[in-house]
Each structure stands twice: as structure tokens, then as C-alpha cells.
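Okay, here's what each chain looks like letter by letter:
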Amino acid sequence: MPYVHLLSAAIKAGALTAQQPPLLPGDPGYAPPGRSPRTVARRGAWARGHAEGTWAGSRAPWGYRIEHGQHGAGAAATLVPDPPRDEAVRELFSRANEGATLHELVAWLVEETPWAADRAWSPAHLSYLLRNPSYVGRTRTGATATWEAIVDEETWQAAQEGLVSRRRGASL
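Residues numbered from 1 in each chain as written. Predicted model: local features only at pLDDT ≥ 70, side-chain atom pairs only at ≥ 80, totals over all residues. Heavy atoms only, no water.

Q: Just give me the short version of helix H6 (residues 153-165), but keep the residues and values in it.
A: With 13 residues, H6 should reach 18 Å at 1.5 Å per residue; the first-to-last C-alpha distance of 18 Å fits that figure. All of the buried residues along H6 are Trp-156, Ala-159, Gln-160, Gly-162 and Leu-163. Projected down its long axis, H6 shows its buried positions confined to an angular sector of 160°, all on one face. Opposite the packed face of H6, turned more than 90 degrees from it, sit the exposed residues Glu-154, Glu-161, Val-164 and Ser-165. On its buried face, H6 is in contact with helix H3 (85-97) and helix H5 (123-131). (Helix = DSSP H or I, 4+ residues; strand = E, 2+ residues; numbered from the N terminus. Expected span 1.5 Å × (residues − 1). Buried < 20%, exposed > 50% of the residue type's maximum accessible area, 1.4 Å probe, protein only. Arc of directions from axis to C-beta. Contact = heavy atoms within 4.5 Å.)

Q: Which residues make up the environment of Ile-150, and what values do they have?
A: Tracing the backbone shows Ile-150 in the loop between H5 and H6. Overall, Ile-150 belongs to the buried group, its relative accessible area being 5%. Look past the residues within four positions of Ile-150 in its chain and what remains in contact with it is Gly-63, Tyr-64, Pro-81, Asp-86, Val-89, Arg-90 and Tyr-135.

Q: Can you break down the packing of aromatic side chains residue by residue, with the values?
A: In this structure the tally under the stated criterion is three aromatic pairs. With centroids separated by 4.9 Å and ring planes inclined at 80°, the aromatic side chains of Trp-62 and Trp-121 adopt a geometry described as edge-to-face. Of the two residues, Trp-62 sits in the loop between helix H2 (37-52) and strand S1 (64-68) while Trp-121 sits in the loop between helix H4 (102-112) and H5, which places them 59 residues apart along the sequence. Between the aromatic rings of Tyr-64 and Tyr-135, the centroid separation amounts to 5.8 Å while the plane-to-plane angle is 20°, which identifies the pairing as stacked. Residue Tyr-64 is located in strand S1, and its partner Tyr-135 is located in the loop between H5 and H6; the two are separated by 71 residues in the primary sequence. By the burial criterion, Tyr-64 is buried, and Tyr-135 matches it. In textbook terms, an aromatic cluster arises when at least three aromatic residues are bridged by ring pairs, as seen for Tyr-64, Phe-93 and Tyr-135. The ring of Trp-156 is capped by Arg-138, whose NZ or CZ atom sits 4.8 Å from the centre of that ring. (Phe/Tyr/Trp six-rings, centres within 6.5 Å; stacked < 30°, edge-to-face > 60°. Lys NZ or Arg CZ within 6 Å of the ring centre and 35° of its normal.)

Q: I'd love a proper account of the pattern of salt bridges, names of residues and values included.
A: Under the criterion given, the structure shown has six salt bridges. Bridged by salt links that share partners, the residues Asp-86, Glu-87 and Arg-90 form one connected network. (Salt bridge = Lys/Arg side-chain N within 4 Å of Asp/Glu carboxyl O.)

Note that all results are geometric; they support no functional claim without further evidence.
As C-alpha cells, then:
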């Protein structure tokens, strides 16, 4: 959006006075029209966290818990395996690689793992879980993460190949 148009929109909205110079892209506190500076700051923090390999999400993937650094909730966070859920994640990947369908995996979780009752499970949710690179110690952007992997790269890759090869069927 041209600068003149941004300036006139800010004046019309009453967000700009004669004593207050306009914020330009790159200035601290600048946000594009329609976005709050807080949203822009949060997205920047998320991107920095992923680039550095730290956890930037608000909720840990199932099988992990969030552990904050020395300075509490504002510090860089990492993921730590959360027993016994981390063992269940390993078993999910193992069963998936042996050919279990997503429906069979849901049934196993619901019936045989009482600690899985903290979530409502569905085949779609398990498909998302099996695709999540956090389980091999990578961020969503592919950067190497600072947390411990729950499954090894070979197991995770085999699950990805199973998901692709059986995409339209009842199985993975």
C-alpha cells in the first residue's frame, strides 16, 4: 500500500495527530492496516523461536510438556518428553509402520491407554500427529530443534511414506 494512502487512512481513522509522526514499516510498534501491533509482535516471536529451534507454541504436542528457561514464561521454551504419553507416541508410530489404520490407532488409544483421555481422538487428529516434525526434533520450518526427539528419523520417515501411499484408503 503506498505511503500516502497509509497516511491518509491513519488521519481519517484518528490514529494520527499533527504532533505524532507516522510509524513506517520497520519502526517498533508498526503494524499494517487491519493488524494490531501485538499480533505482529507475537508472529515475529513465533518465527524467531522456530528459527532458533526453541518451542514457540502455546500448547505442546501430545507426548511432550513445555519447559521454560531460567526466566520463566517469557524465556525461550523447549519441549520435554512427558511419560507415559511419550511411550504411547512411540507405540503409535510403531503400529502405524506395521500397517495399522488410523481407526485402529484411535481404538487402541481410547481402549488401552487411560492417560489418553485428556483429548478427543479422531483419525484426522492422529494423521496430524503422525505428520508433526516435532516428534523427530525439528520445528515446523524444518530447523533442528533444541528438544529431544521421541521417535528416530527412520521411523518418522516410514510413517510419512505410509501416509502418502495410503492417502485415500481407510488406512494411513
